[in-house]
Structure formats: structure tokens, C-alpha cells
Amino acid sequence: MAVVFRTCKSLSKNAIFTRGISSSLRLHSQKPPTPPEPLVNVDVDDKSGVAVVTLNRPPVNSLNTPLLSELKNIIKGLEDNKSRGMILTSSSETVFSAGLDLMEMYNAPKDKLSAFWTTLQSTWLALYRSSFPTVAAINGHAPAGGCLLSLSCEYRVMVGPKFSIGLNETQLGIVAPPWFVICMRDVLGHRQTEMALTSGRMFSAPEALKLGLIDAMVTNKAEAITEAQKFIAQFAKIPPLARKLTKESVRQEGIKYMEDNMIDDLQMFMDLVTQEKIQKGIGLYLASLKKK
Ligand SMILES: CCCCCCCCCCCC/C=C/CC(=O)SCCNC(=O)CCNC(=O)[C@H](O)C(C)(C)COP(=O)(O)OP(=O)(O)OC[C@H]1O[C@@H](n2cnc3c(N)ncnc32)[C@H](O)[C@@H]1OP(=O)(O)O
């Protein structure tokens, strides 16, 4: 596996100032500080051209603006490099992604809220309409936004049986936006989507497999990656342009919805999430998570 690009910026300072006993400032030379871990890692297999893209924001890969931005840049980089496929997975052993970072939506200034949502919209669109085959190797829980990322891929392999997946927004008193609904309907059809979304139900991996919310269940991450590679290998002989245009055609409802409604969708988000009762609900939910 070769690393093609990293999205973290390395720190350039290699010296720090410290205050001594006499309170004078002295310069101490020091080893360069270790650069922060990237929020998303990408490794491309030289032979197959398939990228493994790993969400890496401990403890639960909650999706904040910087992570989403890195993910979007990586997808764009893969597009530019005419990638043969992408496998999305997590560096955590128990959580694929806990969904949107609730801290981004709690008591946030309007400019930050707006930047968060527009970054989510554009990252989602880049993933959903990507020209290359995409697989989610779901190696942990995938609630809400974690489920959305999975649904936006073309194929889902999940480690089971103990992890769960679903769009649980109604349980939190929030509403899954129409493009979340389209993603689930693409996969489950109208009836099952209505049942799943109105109840905000989370499905165990075996339940998800039975329903068709995931395509395969395996027992560990290595198997999930192997299954994902097999899915992508099927397309080796399909002309990429024909595949890309066909995918766009099949997914045109979601693509068109987002292209035509970005501003209205942002407005709906801002109107809903800034309501006092929604803020109170998010605060209580966050507190309950921290109390666990
Ligand atoms: C006409 C139509 C109108 C449409 C209108 C549209 C308007 C739009 C409305 C807005 C829509 C918003 C959509 C939101 C989608 C989302 O993704 S919301 C996020 C939902 N996520 C969840 O419910 C998951 C919550 N987390 C968990 O269930 C668990 O953490 C876990 C199962 C993922 C993992 O469990 P465990 O391993 O035991 O870890 P924890 O101890 O629970 O957590 C560790 C740590 O992380 C914090 N945390 C967990 N999840 C989040 C999160 N999503 N955001 C921020 N922080 C999170 C948790 O509090 C712990 O923190 P501490 O270490 O205790 O500080």
C-alpha cells in the first residue's frame, strides 16, 4: 500500500520560548513537534488503484467541519487521479462514525453552523456522485450521519453481529433532511424507509442484512476490506465513463435535489436547529451521552 497524499499540515516550528526563573525569555532548541494525526487517512493500493479511506477522529469519528472538509478534499483528489475505487472505513474498533458532531450544532454561532452544514452538503454530494465505485466497510456502530455516509456508498459490508446502523434522527427530536431520506429510499424502498425513519430505529447488523440496509456481514475489519475489494474488482473491465454516467443517471434524484436546493436546505437546517427546544434537546442528549 502506498500513501498518496495526506491532508494534515505539518508544523514548522522547531523551537519554543519558555519563561525562566528570572522571568527572562530564553530560546530552547527542541525536536520538531509531532504533526497532528490527519482526521482522515488515505492509502492507495499501487496494483489495484483502490483507496482505503479511514476516518480517524477518536473517540467516535463524529463528523465536524474539519473532518468533512478533509474527506471532501480526499474524494476530489481521488477523482483527479482517476481512482479505481474507494473503501470508506474507520480507525476505531467499535465505531464507524457517531454521525454529525453534535457539538457543531450546539450553541454554535450562525456563521459556524452555516459553514458546518454547507461543508456537509458538498462532502455528501462529492461522495454520492463520485465517479469511482465506493464501498463502506462498516467496522463499528453507524448511527445517523454514520449511516448516511454508508448509504451514500454503492455497497455496504458490515462487521457483525454486535454493531448497529440506522438513521435515528427522530429519536433525538430532529428531522432527517430530504437527501438523507433519498439515500435510504435508494437502498430500502419507500415502505421500509418510512418505517425506519419515522421510528428512528437502529438495526443490529443481522437485522440490517435481512432488511437490505447492508449487503454483507462479516466478522472483522480485514474481512470487510476483502469483501469491499471483491465488490470493486467486479468493475475492472467496465469502461469507467459508462459506469460513471450510469451511476449519475441512477442517482440523479439525489444529485438534482442537492444542486437545486442547497440554499433552501441550509435555511431549513438553520431554522430548525436554532430553535430553543431543539437546542435544549441536543444539550440533554449530549449530557446523557457523557453520563453513560
Ligand atoms: C421538510 C423537511 C424538513 C427538513 C429539515 C431539515 C433540517 C435539518 C435538521 C438537522 C438534521 C441534523 C441531522 C443530524 C444527523 C446526525 O448525525 S446527529 C448525531 C446523531 N448521533 C448519535 O445519535 C450517536 C450518538 N452516540 C452514540 O450513540 C455513541 O457514542 C456510540 C454508539 C456511537 C459510541 O458509543 P461509545 O463507544 O460507548 O462512546 P460514548 O462513550 O458514547 O462516546 C464517547 C464520547 O463521544 C461523544 N459523542 C458521541 N457521539 C457524539 C456525537 N454525535 N457528537 C458529539 N459527541 C459525541 C460522547 O459524548 C463521549 O464524550 P465524552 O468522552 O464523554 O466527553
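Reading the values: the criteria
- Residues numbered from 1 in each chain as written.
- Predicted model: local features only at pLDDT ≥ 70, side-chain atom pairs only at ≥ 80, totals over all residues.
- Heavy atoms only, no water.
- Helix = DSSP H or I, 4+ residues; strand = E, 2+ residues; numbered from the N terminus.
- Rg over C-alpha atoms; globule rule 2.2 N^0.38 Å.
- Buried < 20%, exposed > 50% of the residue type's maximum accessible area, 1.4 Å probe, protein only.
- Contact = heavy atoms within 4.5 Å.
- Pairing = 2+ DSSP bridges.
- Expected span 1.5 Å × (residues − 1).
- Polar contact = N/O pair within 3.5 Å; in protein donor to acceptor, adjacent residues only side chain to side chain.
- Near = heavy atom within 4 Å.
- Areas by Shrake-Rupley, 256 points an atom, 1.4 Å probe, with all protein chains shown as cover.
- Phe/Tyr/Trp six-rings, centres within 6.5 Å; stacked < 30°, edge-to-face > 60°.
- Lys NZ or Arg CZ within 6 Å of the ring centre and 35° of its normal.
- Core = buried A, V, L, I, M, F, W, Y, C linked by side-chain atoms within 4.5 Å.

(A) Up close: the overall build of the chain. On a plain count of helices and strands, the chain comes out with 11 helices and 11 strands. For 292 residues, the compact-globule estimate of 2.2 N^0.38 gives 19 Å, and the C-alpha radius of gyration of the chain, at 21 Å, lies within 12% of that figure. In the chain, buried positions account for 47% of the 292 residues. Within the chain, residue pairs in contact and separated by at least 24 positions form 72% of the contacts whose partners lie at least 6 positions apart.

(B) Seen up close, the sheet that holds strand S7 (residues 142–143). Overall, mixed pairing links the three strands, which are arranged S7-S9-S10 in an open sheet. If you trace the sheet from one side to the other, it starts and ends with S7 and strand S10 (203–204), each paired once. Looking at chain direction, strand S9 (residues 164–166) and S10 are connected through two bridges and run antiparallel. Among the inter-strand pairings, Ser164 is bridged to a residue of S10, identified as Ser204.

(C) Expanded view of helix H1 (residues 65–80). With 16 residues, H1 ought to run about 22 Å at 1.5 Å a step, and its terminal C-alpha atoms sit 22 Å apart, in line with that. Taken residue by residue, H1 has Thr65, Leu67, Leu68, Glu70, Leu71, Lys72, Ile74, Ile75, Gly77 and Leu78 as its buried positions. Along its buried surface, H1 packs onto strand S3 (40–44), strand S4 (50–55), strand S5 (85–90), helix H2 (102–105), helix H3 (110–128) and helix H4 (145–152). Positive backbone phi, approximately 50°, marks Lys82, located one or two places after H1.

(D) Structural detail: the side chain of Thr119. Within the element layout of this structure, Thr119 appears in helix H3. Take Thr119: its relative accessible area is 11%, and that puts it in the buried class. A distance of 2.6 Å separates a polar side-chain atom of Thr119 from the backbone oxygen of Ala115.

(E) Structural view of the pairing of S5. Of all the six residues making up S5, six are buried; the element is thus mostly covered by neighbouring parts of the structure. The two faces of S5 match: Gly85, Ile87 and Thr89 on one face and Met86, Leu88 and Ser90 on the other face are all buried. Pairing analysis gives six bridges linking S4 to S5, with the strands arranged parallel. Bridged to Val50 within S5 is Gly85.

(F) Spotlight on the site of the ligand. Around the ligand there are 26 residues in total, and Leu100, Leu102, Tyr285, Lys290 and Lys292 lie nearest to it. Here Asn168 contributes a side-chain N or O atom positioned 3.1 Å from an oxygen atom of the ligand. Within the side chain of Lys290, a nitrogen or oxygen atom sits 2.8 Å from an oxygen atom of the ligand. Summarising the interface, the protein chains cover 75% of the accessible area of the ligand, which totals 1300 Å² for the free molecule. Broken down by secondary-structure element, the contributors of at least two residues to the shell around the ligand are helix H10 (252–273) and helix H11 (276–291).

(G) Layout of the packing of aromatic side chains. For the structure on display, the rule yields seven aromatic pairs. Ring geometry for Trp179 versus Phe180: centroids 4.9 Å apart, planes at 70°, classification edge-to-face. Since its relative accessible area comes to 0%, Trp179 is described here as buried. Phe180 sits in the buried class, given a relative accessible area of 2%. Summarising the aromatic geometry, the rings of Phe231 and Phe235 are spaced 5.3 Å apart at their centres and angled 75° between planes, so their arrangement reads as edge-to-face. By way of ring pairs, the aromatic residues Trp117, Trp124, Tyr128, Trp179, Phe180 and Phe269 are connected into one cluster. Between the NZ or CZ atom of Arg243 and the centre of the ring of Phe235, over which it lies, the distance is 4.6 Å.

(H) Here's a closer look at the nonpolar core. The biggest cluster of nonpolar side chains holds 82 residues, and the ones touching the most others in it are Val53, Met105, Ile165 and Trp179. No other element matches H3, which puts nine residues into this core. Ignoring any residue separated from it by four or fewer positions in sequence, one finds Trp179 in contact with Trp117, Leu120, Gln121, Trp124, Leu148, Tyr257, Met258 and Asp265.

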